Amino acid sequence: MSIDLESLRVRCIQLTLVSALVFAPLAGQAQSLNTLNAIASFSEEARQVFLDAEAARAAGDPEKEVVLLEETLGRVGASSQNAYPVYERLRHNYADRGLFAQALEVGQRQLQVAGGPGQEHSVLVSMVGMYSALHQMEKASAAANRIEQLMPRLRTSRNWASRGNWWQSGLAQAKAHIHMRSGHLAEAEEALKTCISSSLAAIRDDPVFDGSVQYLGCIQGLMDIQIMTGQLAAAGELADQLRLAAERTLALKKRPAIHLRVKQITGRLALEQGKTELSRQILTDGIASLQASNSADLSLRAADLRAQLARIEMLLGHWDKALDWHQQRAAALEGSGEARGRVPSGSVEYAYTLLRLGQATQALEMLEKITAMRIKSQDDNSLFRWESEAFLGVALAAAGRRDEAMQKLRLAIPRYLDISKSERSSAEAGVMRTARLNWLLDGYLALLSDYASGMIPGQTDAAMDEAFRMADLARGSTVQRALSISASRASISDPALADLARREQDLQREISALAESIGNLLSRGRVAEQDKVVSEMRATLARLSGEHNTAQSEIERRFPGYAALLNPKPVGIAAVQKLLKPSEALISIYAGSEHTLIWAIPGTGPAHFAIAPLTREQLDLKVATLRKALDPNAEAAGRLPRFNFDVAYELYSRLLAPVEFGWKGAQELIVIPHGKLGQLPFGVLITQPWKAPAARLAYAELADAPWLIKQVALSQLPAAIALPALRAQGKVLRGDRPFIGFGDPLFVATAASTTTPVAQSTRGIKRRNLVVAGVTPTPSSPAASTDLGSSINFKLLPQLPDTAQEIEEVAAVLAADQTRDVFLHSRASEAQVKHTDLSPYRVVMFATHGLMNGEMPGLYQPALALSNPALSGDGEDGMLTMEEILSLKLRADWVVLSACNTAAAGGQSNESVSGLGRAFFYAGARSLLVTNWAVETESARMLTTETFRLQSAHPELPRAQALQQSSLTLMKKSAGKDYSYAHPMFWAPYSLVGDGGQ
């Protein structure tokens with residue numbers, strides 16, 4: 001009997017491997033068996049070298065792996081079909097590290113030894129993506145066409161039943177690469193969703209595909225598009241799927257370098273979420289990995305990581321550091337020669353950085369090359385084409401070629417906005433995406449202002465209106481979005497559909513928060529103890545996503561115009577004027593990088609426009625100067641700091657005086673600030689030069705100062721587009737109960753047990769201070785924003801007995817039922833707030849500590865401090881967080897946050913309303929009364945009580961006028977013989993944000 005020794009040897013190897021994999025996962029067995037089958041015909045020497053290469057890959061030594069794979073090719077024959085799996089590993093090695101030119105060369109050799117259309121298909125899909133990354137779109141399209149031509153043969157093959165989904169997934173991914181590089185994001189998004197669904201079907205039918213880089217690549221691509229289009233919540237949800245796919249790929253295929261792909265996209269997501277330090281850490285780790293494998297200078301992945309690090313510095317305003325990263329990227333690309341394909345060493349971000357550093361000529365030259373290349377390769381529907389054209393327009397303006405710039409920008413900006421607008425499911429636009437848009441708008445506004453001011457003759461009125469709308473777009477904020485979301489629900493006449501809209505919005509918010517929490521937990525590294533928690537969170541995330549998709553589909557079916565309500569277009573001057581009453585005027589301010597633009601729109605009569613020679617940075621410094629006297633720090637002692645009347649008058653003379661014909665005579669002034677101007681109550685500006693005389697009673701002389709608040713009542717809006725939303729809400733039926741209040745929560749069993757008192761004392765002035773006893777406020781780490789084991793130390797919070805009197809007095813003047821609607825001490829609990837139906841109340845008031853993110857150990861969201869659950873027994877944690885406020889349902893005319901710094905945005909945000917304020921707007925509030933600094937407790941009580949006494953006595957009195965009159969009344973009072981309340985720290989801490997009308 002003859003014996004086939006080679007067949008017997010192969011069978012023995014297979015049996016050995018199978019016995020070793022008895023307890024391994026099915027997918028792992030399949031992958032290993034595939035590897036064995038691929039090398040079964042190798043010689044013993046070739047097989048050993050190949051297995052050594054596999055070991056080098058698993059050990060994270062890609063250079064050694066390349067050497068061993070090349071040796072294997074020499075042993076099996078580079079032109080032999082046996083070389084196919086060797087080329088596969090070699091291509092993966094280069095592609096994972098971003099060495100796409102080398103990977104493509106290997107791919108071409110691999111195609112020559114492919115054993116059929118299925119193997120060709122696999123190689124071609126990878127090559128389409130790499131050609132696209134190299135900007136070699138003719139070759140990418142040719143490879144995509146070859147895939148299309150293979151599909152009829154694949155559909156008729158006997159393997160279609162088992163591999164058809166996988167082949168269709170690859171075709172969809174190839175199409176997505178073409179659409180993406182062409183700037184057709186909507187088409188790319190649809191193709192990637194098809195790729196993912198087909199991949200999941202393939203994995204379900206045959207686990208051998210689990211852990212495939214093709215599936216991982218489709219997730220990464222879809223995340224990239226979602227980030228570009230502002231769908232951060234959806235991208236955050238996909239981030240967890242990406243991590244899982246990468247872990248499976250690493251476990252099954254032993255490809256450590258696969259995590260470079262994850263770092264690329266998760267670093268970008270963290271940046272868009274505003275987590276600059278976390279993003280920097282992720283990206284620099286990626287660079288370090290490539291440097292360790294001697295790949296950083298040739299890798300296109302390294303080029304992308306450097307570009308993202310440059311974006312971080314641009315976002316932070318560190319233009320010199322950004323330039324350094326851009327130059328490092330350019331030097332590496334230029335040094336790589338032909339290996340970089342057609343990837344330009346310049347970029348629009350590089351060019352804009354040069355502009356900000358005063359190098360307009362170099363920036364213009366760079367943008368002209370980039371734009372010419374994109375016009376040649378991309379059509380009229382490409383986002384990237386119009387982006388470069390818009391930046392080119394900004395550079396033309398900076399170079400003094402204004403007419404060319406205006407022609408370019410008037411065409412490019414609307415097209416860019418139209419193509420890049422975010423989906424209605426977006427929770428936030430993304431900080432870098434918003435910054436990029438604002439850089440474009442800042443340049444466009446600087447040019448428009450030259451036309452609007454008459455510096456360049458012609459089109460004055462049209463330019464003024466266009467600039468007004470663009471400034472509103474640049475100023476757009478999360479607060480404005482919260483108002484739009486609330487207004488969208490209020491405009492739905494069908495109550496059931498309105499409830500469904502609220503449910504859809506809440507689901508989107510919950511999905512975003514949960515996806516971010518999972519990411520934050522995993523960013524610390526895997527901890528075995530939290531595996532169960534993460535698994536449960538993932539299950540919840542999947543359930544919420546399904547519910548959200550169902551609700552979204554139902555709304556789209558029953559209310560097709562709903563999306564337009566969530567993303568309203570900027571309104572022009574005429575549209576705003578129609579919404580104003582004869583007694584009202586509106587001031588809009590835009591602080592630019594070169595100067596500040598101001599519009600004044602009266603209820604009747606012509607609008608006025610002016611340009612102030614103040615940059616955003618200069619305005620920020622002046623605001624900080626005034627706030628030193630309004631919000632003295634913890635070291636303040638004796639008299640309050642001197643108020644700087646010179647700066648107060650300078651701001652008035654530069655911002656309001658030039659447009660006074662547009663607002664003088666109005667009873668109510670609606671101010672739309674920009675940047676840190678929103679953190680300064682405009683009532684503290686003075687209308688003429690003034691020096692304080694001496695006075696016997698401290699601060700009494702300040703009552704005679706020419707304060708702006710003496711001339712006009714003031715309210716504040718986040719953006720002009722919020723006015724139509726609020727005026728539309730005015731038609732909605734409000735609550736029928738006058739008031740509900742929560743105050744003086746119980747933090748410790750007795751006041752004596754409180755630790756070092758927090759209230760500052762300045763000549764007897766007792767303030768509700770934000771600084772918690774013994775704790776220095778620090779921004780919380782993004783990686784620690786979810787702490788499952790945290791608890792609140794209520795001993796750090798001082799009691800606020802004055803707030804009980806404040807709540808009771810407001811309740812009395814509004815004729816509220818004090819037994820039913822006033823919650824003090826232990827009854828001012830988190831559970832009481834969450835379990836009470838707040839929708840019937842016209843005024844909802846909280847008088848307690850307002851805490852910012854990271855203010856206390858264990859607190860990772862802005863929150864209102866309520867009663868210690870150990871004393872109230874309510875089962876909650878005692879902190880009404882921003883996330884929990886978002887879940888409330890309100891129809892309130894007023895929400896009063898008589899706490900500390902509830903107007904402060906905190907962190908890097910320049911918004912003038914905190915996350916707490918945004919949350920209350922989302923929940924349904926029409927206006928907020930928020931504090932700009934730690935209030936003095938007695939004057940705060942008198943101010944709020946008098947405001948509502950006036951409202952109660954004169955129902956027709958607008959909210960803004962009630963606040964104005966109560967401030968003027970307080971200004972004339974004093975704290976006995978100690979001091980007068982005429983200092984603006986006492987009478988100006990509150991801002992009315994929202995609708996200041998009746």
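Everything numeric here is computed off the predicted structure, so don't read it as measured data.

J.: Hey, could you go over the sheet that holds strand 11 (residues 850–851) for me, with residue numbers and the actual values?
T.: Hydrogen bonding along the main chain pairs the strands of a sheet, whether they run parallel or antiparallel. Strand order in the open sheet formed by three strands is 11-12-13, and the pairing between neighbours is antiparallel. Two strands close off the open sheet at either side, each with one partner strand: strand 11 and strand 13 (879–881). Here two bridges tie strand 11 to strand 12 (residues 863–865), and the two strands are oriented antiparallel to one another. The partner of Leu851 across the bridge, within strand 12, is Ala863.

J.: So what about the side chain of Glu466? Which residues, and what values?
T.: Position of Glu466 relative to the elements: it lies in helix 22 (residues 460–475). The class for Glu466 is buried, based on a relative accessible area of 14%. Once residues within four sequence positions are removed from consideration, Glu466 is found in contact with Tyr444 and Leu448.

J.: Please give an account of the state of the cysteines that cites residues and values.
T.: Counted under the stated rule, the structure contains one disulfide. There is a disulfide in this structure between Cys195 and Cys218, and the S-S distance comes to 1.7 Å. Disulfide Cys195-Cys218: torsion about the S-S bond near 65°, hence right-handed. Within this pair, whereas Cys195 is found in helix 10 (residues 185–205), its partner Cys218 is found in helix 11 (residues 213–228), the two being separated by 23 residues in sequence. When its relative accessible area of 0% is taken as the criterion, Cys195 is described as buried. Given the relative accessible area of 0%, Cys218 is considered buried.

J.: Describe in detail the packing of aromatic side chains, supporting the description with residues and values.
T.: A full pass over the atoms with the stated rule returns 25 aromatic pairs. Centroid distance Trp160 to Trp167: 6.0 Å. Interplanar angle 35°. Geometry classified as tilted. Exposure remark for Trp160: the relative accessible area of 22% places this residue in the partly exposed category. Between Tyr981 and Phe986, the aromatic rings sit 5.2 Å apart at their centres with planes inclined by 70°, giving edge-to-face as the arrangement.

J.: Explain the environment of Leu90 to me, using residue names and the numbers behind them.
T.: For Leu90, the position within the fold is in helix 5 (residues 84–96). In this structure the C-alpha to C-alpha distance between Leu90 and Glu70, which are 20 residues apart in sequence, comes to 8.2 Å. Leaving out residues up to four positions away in the same chain, Leu90 has contacts with Val66, Leu69, Glu70, Leu73 and Val106.

J.: Account for the pattern of salt bridges, with residues named and values stated.
T.: If you walk through the whole model with that rule in mind, you get 43 salt bridges. Notably, a salt bridge pairs Glu404 with Arg401, separated by 2.9 Å at the nearest N-O pair. Look at Glu404 and you get partly exposed, because its relative accessible area is 38%. Note on Arg401: relative accessible area 32%, which makes it partly exposed. For Arg402, the salt bridge identified is with Asp450, shortest N-O distance 3.0 Å. Of the two residues, Arg402 is situated in helix 20 (residues 402–420) and Asp450 in helix 21 (residues 431–452); the sequence distance between them amounts to 48 residues. Judged by relative accessible area, Asp450 falls into the buried class, the value being 9%. One continuous salt-bridge network, built from bridges that share partners, spans Arg311, Glu349, Arg374, Glu387 and Arg436.

Procedures and definitions
- Residues numbered from 1 in each chain as written.
- Predicted model: local features only at pLDDT ≥ 70, side-chain atom pairs only at ≥ 80, totals over all residues.
- Heavy atoms only, no water.
- Pairing = 2+ DSSP bridges.
- Helix = DSSP H or I, 4+ residues; strand = E, 2+ residues; numbered from the N terminus.
- Buried < 20%, exposed > 50% of the residue type's maximum accessible area, 1.4 Å probe, protein only.
- Contact = heavy atoms within 4.5 Å.
- Disulfide = S-S within 2.5 Å.
- Phe/Tyr/Trp six-rings, centres within 6.5 Å; stacked < 30°, edge-to-face > 60°.
- Salt bridge = Lys/Arg side-chain N within 4 Å of Asp/Glu carboxyl O.

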